[in-house]
Amino acid sequence: MLQKILETFKEISSVPRCSFHEEKILVWLENWAKKHGFDYKIDNAKNIIIYVVWTSWRENETPIILQNHMDMVCVKDKDSNHNFETDPIEIIQEENWIKANKTTLWADNGIGLAIALNMAFAENHPPLEILVTTQEEVGLIGALNLDASLLKWKKIINIDTEDLWEICVSSAWWVQLDIHWEYNQISWKYPQYKLVLGGMKWGHSGVEIDKNTYNAIHLFIKFLKDYKNIELAGFNWWIADNVIPKEFEAIIWLENEEEFRQKFQTYIDSLKSKYDLWNINFKLEEQEEKRPIVENLEKIVNDILNIPIWIYSWSEKIENLVKTSNNLWILKIQDWKIFIVYMARSSSTDDVYQIIEKISNNFKDYKVENKWIYPGWEQDPDSEFVQDIKKAYDKFTDSHIVAYHAGLEVWALVEKLGEGAEWVSIWSTIKGAHTTEEKCELTSIEIIANVVKEYLESND
């Protein structure tokens, strides 16, 4: 079964599918359904539901929904020539893992999709509805706009989490706060430099907010707080949703280059052991093109540092689950404008709204927008559905029921389906999601496929 899943994964990995540009992968899914004689429907949000008929005597059973998303986070290394609009993902196998060549792999969520499609050919299964949603990575847009009338039942197996042993039954509320401010520029007499920092670790701002890493934006802003012989003319970091910043480019004016080099090196050296940032580094180059500096830099620095980031609190109910956190996701300074984005998460709606209020009050001189806000969801871990999934797991590997400090699109689907809807999220082991370090364990792919197949066959 593993080989067939990998063949399907490689085939769909040759089709462009960045978020907002899923037209070609949708056509591929249509053609796949036609080729195998399955009915399908596409709603106004461009979600596709493929209807797989039952096998043998199981026509009277309730359908099971196998759900994944079709878009991917398109990230590549700076030295990669990959074109996400035309080039297939180059998949590399290293022992028991697959990864991509200097790009994201799209194991999130292509492996789950490949598993779901291959379940259509299991020898024994009830009616299946293979639901593939759009634009999950940029705000769960497809799920939020799903035409739920096209689905005939309410049990969903979502194959889009990140650890083999976990059966996820809960996801966090989250909000994205966009902050805008236009500033004055003034000229400066010092030499201008381009500062590039890199070598920090990638991380998902929900799933990996509790790991021992650090936020590159916050790192630099804290340095600006203490180092006075510097002015800022520009700053840029943005790469993808849900990412903890690991690098940046800044345009700075320096009174003393050697002093800055020494103090900044000492500063980042002090962080290496604290955050396991052994590869952290920076480059500093003098620039001929001159930009005016940002007025009121001290105010901007203090305003950003007034808002704590990282973990705010831990769950009182679930061991080792982050309850509330906040990530400083984007900072852009250019063309007389500042753009700051925070992403706050919590399993408590009260905590989410408290963070919104705190950020709004702190940045009262700026324009603050709640661009996205999504509630979470909790499935009863003792329900028959969840326990049947766990029994299927037990035939192949250990498992435990967990809650996630991340937004899963399943909650939106459950809300659409209404009362009586049930769901679980499961997945093979993936590391480095949303980054060029993304990789997926082959053994875990086969185990998850067997778990899904066992569940489908055991419910006859």
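Before any of the text, the structure's been laid out above.
Residues numbered from 1 in each chain as written. Predicted model: local features only at pLDDT ≥ 70, side-chain atom pairs only at ≥ 80, totals over all residues. Heavy atoms only, no water.

J.: How should the overall build of the protein be read in this particular structure?
T.: Helix and strand content of the protein: 11 helices and 25 strands. The C-alpha radius of gyration of the protein comes to 24 Å, within 12% of the 23 Å expected for a compact globule of 460 residues. For the C-alpha atoms alone, the extent of the protein along its principal axes is close to 80 × 45 × 40 Å. With 460 residues in all, the protein has 58% of them scored as buried. Here the analysis covers contacts within the protein between residues at least 6 apart in sequence; of these, 78% occur between residues at least 24 apart. (Helix = DSSP H or I, 4+ residues; strand = E, 2+ residues; numbered from the N terminus. Rg over C-alpha atoms; globule rule 2.2 N^0.38 Å. Buried < 20%, exposed > 50% of the residue type's maximum accessible area, 1.4 Å probe, protein only. Contact = heavy atoms within 4.5 Å.)

J.: What's the story with the pattern of salt bridges in this structure? I'm lost.
T.: Close approach of charged atoms lets side chains of opposite charge pair. Enumeration over the complete set of coordinates arrives at 15 salt bridges. Close ionic contact of Lys102 with Asp79 constitutes a salt bridge, the shortest N to O distance being 3.0 Å. Taken together, the residues Lys102 in the loop between strand 5 (97-100) and helix 3 (107-119) and Asp79 in the loop between strand 3 (64-69) and strand 4 (91-94) connect sequence positions 23 residues apart. Where Lys211 meets Asp210, a salt bridge forms, and the shortest distance between an N and an O atom there is 3.2 Å. Assessed through its relative accessible area of 32%, Asp210 is described here as partly exposed. Here the salt bridges do not stand alone but share partners, grouping Lys78, Lys194 and Glu249 into one network. (Salt bridge = Lys/Arg side-chain N within 4 Å of Asp/Glu carboxyl O.)

J.: Any chance you could explain the nonpolar core here in plain terms?
T.: Buried together is how nonpolar side chains tend to be arranged in soluble globular proteins. Leu195, Leu219, Phe220, Ile252, Phe260, Phe264 and Tyr342 are the most contacted members of the largest nonpolar core, which totals 93 residues. Counting residues per element, this core draws most heavily on helix 5 (residues 216-226), which supplies 7 residues. Not counting the four nearest positions on each side in its chain, Leu195 is found in contact with Phe220, Phe248, Glu249, Ala250, Ile252, Phe260, Phe264, Phe282, Lys283 and Leu284. The next biggest cluster of nonpolar side chains, apart from the first, holds 64 residues, and it includes Leu117, Leu128, Val169 and Trp427. (Core = buried A, V, L, I, M, F, W, Y, C linked by side-chain atoms within 4.5 Å.)

J.: What exactly am I supposed to notice about the environment of Val322 here?
T.: Position of Val322 relative to the elements: it lies in strand 18 (residues 322-334). Under the relative-accessibility criterion, Val322 is labelled buried at 4%. With 83 residues separating them in the primary sequence, Val322 and His405 have C-alpha atoms 6.0 Å apart. Apart from residues no more than four positions distant in its own chain, Val322 is found in contact with Ile209, Asp210, Ile311, Ser313, Trp314, Ser315 and His405.

J.: Help me out: how do you make sense of the sheet that holds strand 24 (residues 430-431) in this one?
T.: Strand pairing in a sheet takes place through backbone hydrogen bonds and is either antiparallel or parallel in direction. Pairing in this open sheet of 4 strands is antiparallel, and the strands run 4-5-25-24 from one edge to the other. Edge strands, defined here as strands with exactly one partner in the open sheet, are strand 4 and strand 24. Inspection of the sheet shows strand 5 paired to strand 25 (residues 439-441) by 3 bridges, in the antiparallel sense. Of the residues in strand 25, the one forming a bridge with Trp97 is Glu441. Against the sheet, helix 11 (residues 442-458) engages strand 4, strand 5 and strand 25, with an angle of about 60° to strand 25. (Pairing = 2+ DSSP bridges. Axes fitted to C-alpha atoms, helices over the stretch in contact; angles between N-to-C directions.)

J.: I'm lost on the pairing of strand 4 in this one. Help?
T.: Looking down a regular strand, the side chains alternate between one sheet face and the other. In this sheet, strand 5 lies alongside strand 4 in antiparallel orientation, the contact comprising 4 bridges. Looking across to strand 5, one finds that Ile91 is bridged to Ala100.

J.: Can you walk me through helix 2 (residues 23-35) in this structure?
T.: At 3.6 residues per turn, the α-helix brings residues three or four places apart onto the same side. Over its 13 residues, helix 2 runs 18 Å from end to end, which matches the ideal 18 Å to within 8%, given 1.5 Å per residue. Looking only at helix 2, the buried set comprises Ile25, Leu26, Trp28, Leu29, Glu30, Trp32 and Ala33. Where helix 2 is buried, its residues touch helix 1 (2-12), strand 1 (39-42), strand 2 (48-52), helix 3 and strand 6 (128-133). One or two steps after helix 2, the chain reaches Gly37, where phi turns positive at roughly 75°. (Expected span 1.5 Å × (residues − 1).)

J.: Explain the state of the cysteines here, please?
T.: In protein structure, a disulfide is the covalent linkage between the sulfur atoms of two cysteines. For the coordinates displayed, the defined rule picks out 1 disulfide. Through a disulfide, Cys18 is tied to Cys74; the S-S separation comes to 1.9 Å. Torsion about the S-S bond of the Cys18 and Cys74 cystine: about -110°, corresponding to left-handed handedness. In this pair, Cys18 is assigned in the loop between helix 1 and helix 2 and Cys74 in the loop between strand 3 and strand 4, connecting sequence segments 56 residues apart. A residue is classified by how much of its surface remains accessible, and Cys74, at 23% relative accessible area, is partly exposed. The structure places no disulfide on Cys168, whose sulfur is separated from the nearest cysteine sulfur, that of Cys440, by 17 Å. Using a relative accessible area of 0% as the deciding quantity, one classes Cys440 as buried. (Disulfide = S-S within 2.5 Å.)

J.: What is the right way to read the packing of helix 9 (residues 384-394) against helix 11 from this model?
T.: The packing of two helices is summarised by the inter-axis angle and the distance between the axes. Contact pair helix 9 / helix 11: the axes reach a minimum separation of 8 Å and the direction vectors enclose 125°. Put simply, helix 9 runs oblique to helix 11. Relative to helix 11, helix 9 is oriented so that their crossing is right-handed. Taking contact as the criterion, the partners of Phe385, Asp388, Ile389, Ala392 and Tyr393 in helix 9 are, on helix 11, Ile448, Val451, Glu454 and Tyr455. The class makeup of the residues in the contact of helix 9 with helix 11 is 7 nonpolar, no polar and 2 charged. (Parallel < 35°, antiparallel > 145°, perpendicular 65-115°, else oblique. Left-handed = near helix turned anticlockwise from the far one by under 90°. Nonpolar A, V, L, I, M, F, W, Y, C, P; charged D, E, K, R; others polar.)

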